[in-house]
Every structure is written in structure tokens, then in C-alpha cells.
Amino acid sequence: MGLLELKNINKSFADNLVLSDVSLSFHAGEIHSIVGENGAGKSTLMKIIGGIYRADSGAVYLNGKLANMRNPIDAYRAGIGIVHQELSLADNMTVAQNVFANREPIGPIGFVRWKKLYQDTENEFQKIGVAIKPDVLVKTLSIGMQQIVEIVKVLSQNINILIFDEPTSALSDSEAQNMFSLLVKLKEQGKLIIFISHKLNEVCHISDRVSVLRDGKYIGTLEHGEIEEDRIISMMVGRDLSNLYPPKSSKLNGDIVLETKNLSRVDKFHDVSITVRSGEILGIFGLVGAGRTEFAYSLFGADRIDSGKVTFEGEDVTFKSPTDAIAKGVCYLSEDRKRLGLFVNMIVANNIVASSLKKFINRSGFLEFDKMQVVSLEYVERLNIQPANCISNYVSNLSGGNQQKVLLAKWITTNPKLLIVDEPTRGVDVGAKAKIHSILRDLAEAGLGIIMISSELPEILGLSDRVAVMNNGKLITVLDNNDLSEEMILNKAFNKHVVGL
Amino acid sequence: MLRKIKNKMNLHYLVLIFCITCIFVIMSIQSPFFLTWNNIDVLVNNFIMEAIMALGMTMVIISGGIDISISGILPFIAIIFAKLMLIGVNPWLASLIGLVVSGTIGLFNNSLRHVLRLHPMIVTMATQLTLKGLNLAITGGSVLSKFSRSFTSFTAQRPLGLSIPIWIYILLAVLFVALSKHNRRFIHVFFVGGSNEASMLSGMKINSIFRMVYVISAILAGLAGILSVTVYNSASYSFGQGVEMKVITAVAIGGTSLTHGGEGSITGTLLGTLFMAIVYNAFVMSGISTYYQDVFTGGMLIVAVLLSEGARAINKRTNQAKSLIK
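The structure presented is a predicted model; accordingly, all values stated were derived computationally and were not measured. (Residues numbered from 1 in each chain as written. Chains lettered and ligands numbered in written order. Predicted model: local features only at pLDDT ≥ 70, side-chain atom pairs only at ≥ 80, totals over all residues.)

Colleague: For the overall build of chain A, give the residues involved together with the corresponding values.
Modeller: Secondary structure assignment for chain A yields 17 helices and 21 strands. Relative to its full complement of 501 residues, chain A shows a buried share of 48%. Restricting to contacts in chain A with at least 6 residues of sequence separation, those with at least 24 account for 68%. (Helix = DSSP H or I, 4+ residues; strand = E, 2+ residues; numbered from the N terminus. Buried ≥ 20, exposed ≤ 12 C-beta atoms within 10 Å, placed from the backbone. Contact = placed C-beta atoms within 7 Å.)

Colleague: Provide a residue-level description of the overall build of chain B, including the pertinent values.
Modeller: What chain B contains, in helices and strands, is 14 helices and 0 strands. Starting at the N terminus and walking to the C terminus, you meet the elements of chain B as α-α-α-α-α-α-α-α-α-α-α-α-α-α. With 326 residues in all, chain B has 43% of them scored as buried.

Colleague: So, the packing of helix H8 (residues 164-182) of chain B against helix H13 (residues 266-286) of chain B: which residues are in play, and what are the values?
Modeller: Residue and element names in this part refer to chain B. Contact geometry for H8 and H13: axes closest at 9 Å, N-to-C directions at 145°. Every residue of H13 that contacts H8 at Ala173, Phe176, Val177 and Ser180 is listed here: Ile266, Thr267 and Leu270. For the contact of H8 with H13, the per-class residue count stands at 5 nonpolar, 2 polar and no charged. (Axes fitted to C-alpha atoms, helices over the stretch in contact; angles between N-to-C directions. Nonpolar A, V, L, I, M, F, W, Y, C, P; charged D, E, K, R; others polar.)

Colleague: Account for the interface of chain B and chain A, with residues named and values stated.
Modeller: In this assembly, 27 residues from chain B lie in contact with 28 residues from chain A. Class assignment for the residues of the side of chain B that touches chain A results in 12 nonpolar, 10 polar and 5 charged.

Colleague: If you had to explain the confidence of the model for chain A to someone new, which residues and values would you point to?
Modeller: Averaged over all residues, the pLDDT of chain A equals 83, while 93% of them reach at least 70. Low pLDDT (under 50) marks residues 496-501 of chain A, which in the prediction has 8 contacts with non-local residues, meaning those over four places away or in another chain. (pLDDT = per-residue confidence, 0-100.)

Colleague: How would you sum up the pairing of strand E18 (residues 418-422) of chain A? Please name residues and give values.
Modeller: Residue and element names in this part refer to chain A. Of all 5 residues making up E18, 5 are buried, and the element is well covered by its neighbours. Residues Leu418, Ile420 and Asp422 line one face of E18 and the alternating positions Leu419 and Val421 line the opposite face, and both faces are buried. Of the strand pairs in this sheet, E18 and strand E19 (residues 449-454) are connected by 5 bridges, and their pairing is parallel. What sits directly across from isoleucine 420, in E19, is isoleucine 451. (Pairing = 2+ DSSP bridges.)

Colleague: Can you break down the environment of A:Pro424 residue by residue, with the values?
Modeller: Residues and elements named next belong to chain A. If you trace the backbone, proline 424 turns up in the loop between E18 and helix H15 (430-445). We classify proline 424 as buried; it has 25 C-beta atoms within 10 Å. Expressed as a C-alpha distance, the spacing of proline 424 and methionine 452, which sit 28 residues apart in the sequence, is 7.6 Å. If near-sequence neighbours (up to four positions away) are discounted, proline 424 is found in contact with Leu333, Gln404, Ile436, Leu440 and Met452.

Colleague: Give a description of the environment of A:Lys11 that names residues and reports values.
Modeller: Residues and elements named next belong to chain A. Here lysine 11 lies in strand E1 (residues 4-13). Separated by 30 residues in the primary sequence, lysine 11 and glycine 41 place their C-alpha atoms 9.3 Å from one another. Among residues more than four places away in sequence, those in contact with lysine 11 are Val18, Leu19, Thr44, Ile48, Tyr53, Ala55 and Asp56.

Colleague: Can you break down the environment of A:Leu252 residue by residue, with the values?
Modeller: Residue and element names in this part refer to chain A. Along the polypeptide, leucine 252 turns up in the loop between helix H8 (229-237) and strand E11 (256-265). Taking the C-beta count within 10 Å as the criterion, leucine 252 has 12 such neighbours and is therefore assigned exposed. C-alpha separation for the pair leucine 252 and glutamate 445, spaced 193 residues apart in sequence, amounts to 10.0 Å. Leaving out residues up to four positions away in the same chain, leucine 252 has contacts with Glu280 and Asp465.

Colleague: Lay out helix H4 (residues 70-86) of chain B with the relevant residues and their values.
Modeller: All names here are of chain B. Taking 1.5 Å per residue, 17 residues should reach 24 Å; H4 reaches 24 Å between its end C-alpha atoms and fits that length. Most of H4 is tucked away: 14 of the 17 residues are buried. Phi turns positive one or two residues past the end of H4, at glycine 88, with a value near 100°. (Expected span 1.5 Å × (residues − 1).)

Colleague: Which residues make up the packing of H4(B) against helix H6 (residues 120-139) of chain B, and what values do they have?
Modeller: Residues and elements named next belong to chain B. Interaxial distance between H4 and H6 falls to 8 Å at its minimum, and their mutual angle equals 30°. Taken as axis vectors, H4 and H6 run roughly parallel relative to one another. Along this stretch, H4 crosses H6, giving a crossing that reads as left-handed. On H6, the residues touching Ser71, Gly72, Ile73, Pro75, Phe76 and Ile79 of H4 are Thr127, Gln128, Leu131, Lys132, Leu134, Asn135, Ile138 and Thr139. Here the contact of H4 with H6 is composed, by residue class, of 7 nonpolar, 6 polar and 1 charged. (Parallel < 35°, antiparallel > 145°, perpendicular 65-115°, else oblique. Left-handed = near helix turned anticlockwise from the far one by under 90°.)

Colleague: How would you explain the sheet that holds strand E9 (residues 209-214) of chain A if you had to name every residue and give the values?
Modeller: All names here are of chain A. Reading across the sheet, the 6 strands line up as E6-E7-E8-E3-E9-E10 and stay open at both edges, with mixed pairing between neighbours. Each end of this open sheet is capped by a strand with a single partner; those strands are strand E6 (80-83) and strand E10 (217-222). Sheet twist, expressed as the average angle between the axes of neighbouring strands with direction ignored, equals 20°. Here E9 pairs with E10 via 5 bridges, running antiparallel. Paired with valine 210 across the bridge in E10 is leucine 222. Against the sheet, helix H1 (residues 42-49) contacts strand E3 (31-35), E6, strand E7 (161-165), strand E8 (192-196) and E9, and its axis sits at roughly 150° relative to E7.

Colleague: Can you tell me about the nonpolar core, naming the residues and giving the values?
Modeller: If you look at the biggest cluster of nonpolar residues, it comprises 151 residues, and the most contacted ones within it are A:Ile232, B:Ile52, B:Met53, B:Ala78 and B:Phe81. Here this core gets 15 residues from one element, more than from any other, and that element is helix H11 (residues 206-232) of chain B. When residues no more than four places from it in sequence are discounted, the contact partners of B:Ala78 are B:Gly225, B:Ile226, B:Ser228, B:Val229, B:Ala235 and B:Phe239. (Core = buried A, V, L, I, M, F, W, Y, C linked by C-beta atoms within 7 Å.)

Colleague: Now, about unusual backbone geometry: what can you tell me, with residues and values included?
Modeller: Although it is not a glycine, A:Asp267 sits at a positive phi angle of roughly 70°. On the basis of neighbour count, A:Asp267 is assigned to the partly exposed category, with 15 C-beta atoms found within 10 Å. We note that B:Lys146 has phi near 60°; this positive angle belongs to a residue other than glycine. Relative to the assigned elements, B:Lys146 resides in the loop between H6 and helix H7 (149-155).

Colleague: An account of H1(A) is requested, with residue identities and associated values reported.
Modeller: All names here are of chain A. When you tally the buried positions in H1, you get 7 out of 8 residues, the bulk of the element. Listing the buried residues of H1 in full gives Lys42, Ser43, Thr44, Leu45, Met46, Ile48 and Ile49. Directly after H1, the chain includes glycine 51, whose backbone phi takes a positive value near 80°.

Colleague: Tell me what's going on with the confidence of the model for chain B, and back it up with residues and numbers.
Modeller: Residue and element names in this part refer to chain B. When the pLDDT values of chain B are averaged, the result is 86; 92% of them are 70 or greater. When pLDDT is averaged over each helix and strand of chain B, the minimum, 69, is found for helix H14 (residues 293-325) and the maximum, 95, for helix H3 (residues 48-62). Predicted confidence for residues 321-326 stays below pLDDT 50, and this span has 10 contacts to residues more than four positions away or in other chains. Reported for the predicted complex are a pTM of 0.69 and an ipTM of 0.74.

The structure is reproduced here in C-alpha cells:
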């Protein structure tokens, strides 16, 4: 009998069956990963355990007793805490206020006892061996540190079942490593850790057991010793993915599309010199804060360049604004697609043509909706955006991977020469990831130069033709991607600088 | 970093205090009457109702909402209070009834917001219009007055030289500063305004926090209505015309963000209120047509919003730089 048992859970939204007859059992003192493609039902299942949703039928047993949780508060009382994918911290408040949100120690007239609050907060952080000032505002912390605040917030509530929903999607590798050692520590304290992640290498690295969901159904559980990436993937997709990444470029000596010479921006990056050729994918790897995104911003005209030279298609250029850059044929896909890339409250078709509206204006100055429709349909088909009849759906209703494809489509319609993609597959499931990778490769084969910024080493190694490594605002090296290993790149990325958390 | 942000807050206060001092000095030089006790008395009493309501409005705006129904509530409660007294109800009981009714209106505002999921601007606008209509219907457009001698002599009292509304305001201001800094429920208002979702996931009952701020705002508007009757010894549908804009402006000038919930302070509002009061008085004293007051108020609102957004942008940039250097 496990600590937590799920029996025959069913859940549907409207007519959409999201979970069908799922039964699972979890033990105390294990890290149990739940994997599956987006839409497989992982998050829904976790929300049922956490009391956010209620199952249509089926039961949740805690220590062998039927648990009836109607809301997150009930779940907390039962000792179940969720560390959410999107941080659930109020960033205008202090660390202590967040950790003890709604549980502040109060005196007789409802006034907060600050001393005790700060002391309690420090104690909670000490339990996991982290020192932090309790009166610091959360918005001033790094994302990694915020994640730790979130974890401490959950832990401080006498929790023995901890659910992590994509905890590392926003973390750099070293921050993620720190978090894993924390998870192992918690497991050794006898807590049950339920871990959800798209990053299978992480899953394999830390899990004691792995359970796989597919299309809302329970497929199976791999015990310790059976856990292998290929095996998990074939269970997830129901078939073997013989090769995760598309082949490398077939023409490595294309014309130079973009060249930068000693590009600098104060406090952001210094002396960055790179070249991008048509037909190749240049991967840029670095830890969070290495200056990759900032570099891309400046290339794209979204931020100034303080010194240095940019040559684009043989001409010296300075892009004064993104509009300028787009007009010349440079595109940038933001890492934060919901906020900076897509109009999530508009339909797919409108998003796809949003950056190339000029092409659809007829002589009398009106938009040609028929033409927009046709072009959108073409891209939906070409990029395999799901569902196939989605052009009049709202973007917010699509899954992460499909949103990313819409964003790609939006930029491809502008016929770019250089495409800068920033974390193109963050939060995207395996199947969609592979599709995005092959789209990027196809675009390169069609003659585009592509700069791909990524924090995921397997992606950098799997897709790039050359790898540029940045650290602390400086370009450390550019390597041809032959026989590179993750260790080699990481060593470069740390570049003897001590990176403190 | 915290110190830095505190400095940012202080900067806003300093700018305000500086402006207030400047106007003060200029006016004292310009007009010999400005610094007289009489004028200061006028200055304070003229803006006291707005000042009282600004306390509640600050909490509403910090929660991420807005309450423009106050300009309907103020005269409505004034009229109810007056009517009750005219039919012989004891003034204390009439006040209590007035406050309970205004609290109920606040509850109503929040229920509409919650149940219909409407933007508070829409809900409170509807309440404002409805009440304004009721005010006219009840009074038929006439002014209610002729209260008992005992009432008028009671309200004319000035303990230690300050009028009753000012004493009440002082008490409320101290209370609100303390509550907003240290009371758990009030601190949760900042949480809810900063992140609805985070608050919900922390197990806060968000609706009860919203309910609290809307009820407080409405009760303070009701209180202002009752106090208006005590000041003017009459009640009219025309009380509180456009008062909501002045109140919101005072709050915004005090540094509470109209665009991002969760940011602001009662202390800032106290300064913003003082600033507005002095400016209005300066208009009167310097003989500029009072028609220009609102032109100035509008301009000030824009300046205030620009200032707080500017401070935000600077803050954000320094944070980004910090995280990069880290």
C-alpha cells in the first residue's frame, strides 16, 4: 500500500476526455516522475491530486484512506503541496511574506509579528541549507532563487507529498543541478516527490520510478534500473523515434549572412564577433545571464549597440528598431512567446500574417482576407500546426508547441534571411519539439541563416552546425559541432569564472 | 536591494514634499492671507471629504480595482441621514443606519464584480448612476435642511480648534497607516493586487479581500456624506459632484499605481491629498479662475502616472542589470 494511491481516475472537460481510468500508486521516499506529451493529462492529474480540479469519477487514497479534497487548502491540510510551473509568487512582496502568505504569525489585533515572521522564514530556509534575507522583495531575486522561495513556501506547510510541475523549465543548468540535490535531500527525509518534466535527461537522472501517460491513459511504470530515455520516449509516443534530431547541414559553406565585429553593449555583452552563413544553424549556449538574449536584442534593433560593427549580407548596417531589422530580413523569436511574440487573444490566422500585413493590402488600401486565409492555411499545413482546422481558433487555446509553430509561421511569412530563435522549444513536448527542430533545419536548407539560443545542451548538440559559447557577456569560443560533448561545452560555459547562485 | 526600493519610494515622497513646500513658500510670499489660521482652516476643511475617501480608494486601487461609485454614495447617504433626522430619528442611530447602508452598497458592488465577473469600473459606474438618479428622485431636486437646534449646535463644536471631520480624519489616517503596514488582511490586499493567482494558490480567499476593500471604500464615502450634512447643515443631491476624480487623482499623485495593482501606500496618499488641498487653496488665493482647477488636476494626474511609471521602468532596468551582473 503506497502513500498515495489513485484509483480509476476519469476526468473530462466538456466533451474532451482528458484522463481515462488512470490508476497509479506512489511510495514515501521516492522521486516518481510522470511523463507524457503535452495533452497527455499530466497536469490535469496533478491538479486532481492537488485539489484544484475534482475527478469525474475514481478516488484518491492517502495512507490507505479515501481523501476527499475539494480545493487546494484541503490538499495542503492533507500534506500535498504543488510547486507550480508558472511561479505563484507575488513579486511585489518580500520573501517572508510570500513564504508565509496567508499564514503570517499575528498578534492579538491582527497585526503581523514581523520578528517572528522573519525568524521563521530564516529557519525554513536553513532546513534546506540556503541563506537568504527574508525582507528582500521577490522581484529582485533571480528566477532560480524565486523557484527556491516557492519550494520553501510549499515545504513550510508540513508537506509530505511534493508535486513539481516543470520546475526547471526556467532554470539554467547549474540552477537546475542545485534543485536536484535539494530534491534528493527531501526524498531522503522520507517525502514523496512527484516530478513532471519534459526534459527526459533530467527525468532519467533523478527518478526512482517513471510512469508514462499517453492521451489520458496510463501506459506503464518503469522501475529503477529500467529507466532509459529511448524506452520512455517510445512509451510516450507509442512508437520508436529512431532519430530525435534532423541531420546536419548539407552545405556548410554558404554565403555569410551576418557578421558582427566586436559588438558591445555596456553591462550586457562585450566584444562579440560571430559569423552566420546561409544554410547553417549557429547554436549559442550559455548559462542564464551570459548575455545571449541581450545580444540577440541588440542584433534585432530592440536595444542599442554601443560599439562594434554589424555586416548583414555584405552591407554595414545598424538596425534602429525591430521594424528596421524585419524590413531587412532579420527575425527574432522571443523566448517569452506569450508575452512578446504572439497575440494570444487573437485567432491563429491573424497571428500568422501579423508581421507581413503589407503583403495583403490591395490597391484600395483594404486587407485581402481571402488571401490571408489561404496563406495561413498553407502554413498550418506546412508546419503541421494542430488541430488542423485551427486557423480561426484563438492562439491561447493551442498547446505550447503549436503556439511556437504559429510564431515560426508568423516570421517565415516575412521571408527572412536571418532567423534568431531564443529557446525555441521551452515547455514544448517531445513530438512537437522534433517537428520544430525539423522545421528549423528545413529553413536552413532553404538558405536561411539561423541563430539558435538555447539552454538545453542536447538541443544545442543535436541541431547546431556550430556552437558559440557565451559567458558573462563575452563570447568564449565558437566550435564546429563534430564530436562535441556536453562536458566540453559546459566547461567552456563556466570558463573558470565562479558562478555563484 | 530593499533599501534601494525604499529609496525609490522615498524619492516619490521627497518630490511630493518638495512640491508642497514650494507651493507653500510661494503662496506665503504672494499672499499675506495664505499663512493665516483662517486660511489653513479653510484649506483643510475644503478637501477633508476627499481626504477621508482617499484612504479607502487607496486600498481599492492597490487591490487592482477602482471605485467610482463614491460620488453617488456620498450624497445618497447624506440624504438618507438627513431624511431620518427630519422624521425624528436620533442622529447617532441615523449615522449608524447610514454607515450600514453604505456598507451594503459596497457589498453590492463587490457581489456584482464577483458574480458577473465585471470590471469594477463598470460595476461602480452603474452604482454611481443609479444612486445619483435615486438622489434626485428622493429629494425632487430640493435641499434638505432645518435640523434640530441640538444637532446643529453639536456639529458646530470644535474641540481644540479643529472641526469634527478633521478629528475623524486624523484618527482614520493613523488607523489606516498602521493597518496597511501591519494588519494581515490589509497586507493581503497588496498580495491580491500584485498577483491574483499567487494569492489564490496561497489559499487566500480573494473574494473576501475584495469585499473588504469595496465595503471600506463605500463606508468611508457614507461617512463623508454624513459629515457633509454636519458641515453644511443640509443635504443635497449635488453633494460630491465629481469627487471620485479628485480622490483618484490624490491617490495617484501619492504614488499608488493605477495600472499595476499591489503598488502604493497610505502614506503616499496622505501626501497626495495634502498636495491637492494646497493646490486647490492656492487657486482660490491667487485669484486664478477656479474653472482652471480641473485643467490643473488633469495635468497633475498625467504627471503623477508618468512619474510612477518612470520610476518603475528605472527600477526594472536596474533589476535587470543586477541580475546580469550577478
